[in-house]
Amino acid sequence: MSTQKEPRAFFAALGERVERRLFGVRQALDLVLIWILTDSHVLIDDVPGVGKTTLVRMLASLLGLRFARIQFTPDLMPSDITGTSVLNMRTNEFEFRPGPVFTQILLADEINRATPKTQAALLEAMQERQVTVDGVTYPLAEPFFVLATQNPVELEGTFPLPEAQLDRFILRIRIGYPSEQEEERILTSGRDQRAISGTPLPDAPDLVGLGRLIEQVRIEQPVRRYIVGIARATRTHGDLQVGASPRSVEQVGDAARARAFLEGRDYVLPDDVKALAWPALAHRLVLTTDARIRDRRVEDVLEEVLEQVPVPVEFQGA
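These notes cover the structure that comes with them. (Residues numbered from 1 in each chain as written. Predicted model: local features only at pLDDT ≥ 70, side-chain atom pairs only at ≥ 80, totals over all residues. Heavy atoms only, no water.)

The subject of this paragraph is the packing of aromatic side chains. As enumerated under the stated definition, the model contains 4 aromatic pairs in all. Where Phe-96 meets Phe-102, the ring centres are 5.8 Å apart and the plane angle is 70°; that geometry is what we call edge-to-face. Residue Phe-102 is classed as partly exposed on the basis of its relative accessible area, which comes to 24%. Ring pairs connect the aromatic residues Phe-96, Phe-102 and Tyr-138, which therefore count as one cluster. Looking at Arg-8, its charged tip hangs above the ring of Phe-261, at a distance of 4.5 Å from the centre. (Phe/Tyr/Trp six-rings, centres within 6.5 Å; stacked < 30°, edge-to-face > 60°. Buried < 20%, exposed > 50% of the residue type's maximum accessible area, 1.4 Å probe, protein only. Lys NZ or Arg CZ within 6 Å of the ring centre and 35° of its normal.)

Okay, here's the thing in structure tokens:
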């Protein structure tokens, strides 16, 4: 039990430190902590100025992880991400010079501004945790996280992410605007408070080993059926061309376990699944052409699916 209490206490302290600098981000921060616990990748989809980049930089600093940032632009090349082989004039041999992807937390800023060819340079890194250049495969560091940001409003000069890449993000997060009171607090903070501390939090847990703690959180059969039922309902819905993938089923289970862990439980509730349905599934669903013509939204369709699938009300262990 003590081994579980220590990580929970650490993440509580982590959230407290972040909220000293960024006001009104508690809900988004809870989802970001799930990303850390599940050793996965997150897409932050929100308008400029709400703290996307600051949040990522703070987390990297407080966790004591190596951080790299790539500003995605239309002229960015795949080798600018992965690295390239350069001829060494002394030895007359090619040497590999690693790119910024060889880090622990990679911020892919405005990822939808790069061409599809450049976006695809991250596919192997996100799934297999490795990079292949000139036929040679190089493993990435552990842990390795990709946090990508994109602006949902300014679409000129952007390239929408393909479904194959969207499916590799466990969650899509929106930070949103702070409340009126929180925005007033922004005006009271001095320049020193806005600086990002470079000192990691003490007693940081082994992030690689956290996965073993999450696996101890139980998903009873009724809840497993509930997750699968939601996924299968998206595949048969008349307004959806592409439904939830088997990978999404796996990742919803991981995210639900992480949420239960942060809540202090060793079992998953249906409420965990419902709370994660939008951030875990909405970005993976593709509307049919007819549904788009009728101005249907993915959010509305997903809400219909959640209303259709029966929620388990009693199950062993809960």
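Turning our eyes to something else, we now look at the nonpolar core. Ranked by size, the top nonpolar core spans 72 residues in total, and within it Leu-14, Val-18, Trp-35, Leu-171 and Val-273 carry the most contacts. The dominant element in this core, judged by the number of residues it contributes, is helix H2 (residues 26–38), at 9 residues. Apart from residues lying up to four places away in sequence, Trp-35 is in contact with Ser-40, His-41, Val-42, Leu-59, Ile-105, Phe-145 and Leu-147. If you look at the next biggest cluster of nonpolar residues, it comprises 25 residues, including Leu-106, Ile-111, Ala-125 and Met-126. (Core = buried A, V, L, I, M, F, W, Y, C linked by side-chain atoms within 4.5 Å. Helix = DSSP H or I, 4+ residues; strand = E, 2+ residues; numbered from the N terminus. Contact = heavy atoms within 4.5 Å.)

Think of a sheet as strands paired side by side through backbone hydrogen bonds, with each pair either parallel or antiparallel. Taking strand neighbours across the sheet as the criterion, the 5 strands line up as E2-E5-E8-E1-E9 in an open arrangement whose pairing is parallel. At either margin of the open sheet sits one strand with a lone partner, and together these are strand E2 (67–71) and strand E9 (171–173). When strand polarity is set aside, the average angle formed by the axes of neighbouring strands in this sheet is 20°. Here strand E5 (residues 105–109) pairs with strand E8 (residues 145–150) via 4 bridges, running parallel. Counted as the bridge partner of Ile-105 is Phe-145 from E8. Packing against the sheet, H2 makes contact with strand E1 (42–45), E5, E8 and E9, and its axis sits at approximately 155° to E9. (Pairing = 2+ DSSP bridges. Axes fitted to C-alpha atoms, helices over the stretch in contact; angles between N-to-C directions.)

Right, let's talk about H2 for a bit. Its 13 residues give H2 an end-to-end C-alpha distance of 19 Å, which sits within 8% of 18 Å, the value for a rise of 1.5 Å per residue. Taking burial as the measure, the 13 residues of H2 include 10 buried ones, the bulk of the element. Listing the buried residues of H2 in full gives Ala-28, Leu-29, Leu-31, Val-32, Leu-33, Ile-34, Trp-35, Ile-36, Leu-37 and Thr-38. (Expected span 1.5 Å × (residues − 1).)

The next point concerns the environment of Arg-66. Mapped onto the elements of the fold, Arg-66 is located in the loop between helix H3 (52–63) and E2. Considering only alpha carbons, one finds Arg-66 and Phe-102, 36 residues apart in sequence, at a separation of 9.2 Å. With near-sequence residues (within four places) excluded, Arg-66 lies in contact with Phe-102, Thr-103, Gln-104, Ile-105 and Ala-141.

Contact geometry for helix H13 (residues 270–281) and helix H15 (residues 298–308): axes closest at 11 Å, N-to-C directions at 145°. As H13 runs across H15, the sense of the crossing is right-handed. Mapping the contact onto sequence places Ala-277, Trp-278 and Leu-281 in H13 and Glu-299, Leu-302 and Leu-306 in H15. Considering only residue class, the contact of H13 with H15 consists of 5 nonpolar, no polar and 1 charged. (Left-handed = near helix turned anticlockwise from the far one by under 90°. Nonpolar A, V, L, I, M, F, W, Y, C, P; charged D, E, K, R; others polar.)

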